[in-house]
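# Overview (structure and organization)
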Amino acid sequence: MVDAVAGELSPYCAELTIQDRPALAKTATRWHLGTQITGRLASPEISSLHLFAALHPSLN
């Protein structure tokens, strides 16, 4: 799943950093496993809407 997300975001990013290992995050009722992905956009014209559309399954 992490590779799939990185693959969808990479065309929009000049730089993409993926955490080596997943980390646990606790909520009031559950534990979640997640991997932090950060990046720098390739262009100022790219909006959060572009990223949302790239990641949303019904829009691909």
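Going along each chain's sequence as written, the residues are numbered from 1 onward. Totals for whole chains, interfaces and linings use all residues, but because this is a predicted model, local features are given only for residues with pLDDT of at least 70 and pairs of side-chain atoms are given and counted only at 80 or more. Just so you know, side-chain values use all the structure's heavy atoms and leave hydrogens and water out.

### What about the packing of helix H1 (residues 2-9) against helix H2 (residues 48-55)?
Put simply, the rule is: With axes taken as lines fitted to C-alpha atoms, and helix axes fitted only over the stretch in contact, angles between N-to-C directions fall between 0 and 180 degrees. We count a stretch as a helix when DSSP gives it H or I for four or more residues in a row; a strand needs E for two or more, and each element gets its number in order from the N terminus. Roughly parallel here means an angle under 35 degrees, roughly antiparallel means over 145, roughly perpendicular means 65 to 115, and every remaining angle is called oblique. By convention the crossing between two helices is left-handed if the near helix lies anticlockwise of the far one by an angle smaller than a right angle, and right-handed if it lies clockwise. In what follows, a contact means two residues having at least one pair of non-hydrogen atoms within 4.5 Å. By the convention adopted, Pro, Cys, Tyr, Trp, Phe, Met, Ile, Leu, Val and Ala count as nonpolar, Lys, Arg, Asp and Glu as charged, and the other residues, Gly among them, as polar.
Running from N to C, H1 and H2 cross one another at 135°; their axes reach a closest spacing of 9 Å. In terms of axis orientation, H1 runs oblique to H2. H1 and H2 meet at a crossing whose hand is right-handed. Within the contact between the two elements, H1 uses Val5, Glu8 and Leu9 and H2 uses Leu51, Ala54 and Leu55. When the residues that make up the contact of H1 with H2 are grouped by side-chain class, the tally is five nonpolar, no polar and one charged.

### Description of the environment of Thr17
Convention followed: A simple rule labels every residue: compare its accessible area, found with a 1.4 Å probe on the protein chains alone, to the largest value its type can have, and call it buried under 20%, exposed over 50%, or partly exposed in between.
Relative to the elements of secondary structure, Thr17 occurs in strand S1 (residues 13-18). Thr17 gets classed as partly exposed once you look at its relative accessible area, which sits at 41%. In the structure, Thr17 is positioned 11 residues away from Ala6 in sequence and 8.9 Å away in space, judged by C-alpha atoms.

### Brief notes about a nonpolar patch on the surface
We count it as follows: Surface patches are drawn from residues lacking salt bridges whose relative accessible area is over 30%; two like charges belong together within 9 Å, two nonpolar side chains (Val, Leu, Ile, Met, Phe, Trp, Tyr) within 5 Å. What sets the accessible areas is the Shrake-Rupley method with a 1.4 Å probe; for residues, cover comes only from the shown protein chains. Here, a salt bridge means any side-chain nitrogen of Lys or Arg that lies within 4 Å of a carboxyl oxygen of Asp or Glu.
Judged by side-chain polarity, Leu24, Trp31 and Leu33 come together as a nonpolar surface patch covering roughly 400 Å² of accessible area. By the secondary structure assignment, Leu24 is in strand S2 (residues 23-26).

So, to be careful, I would describe these as geometric facts and stop short of saying anything about function.
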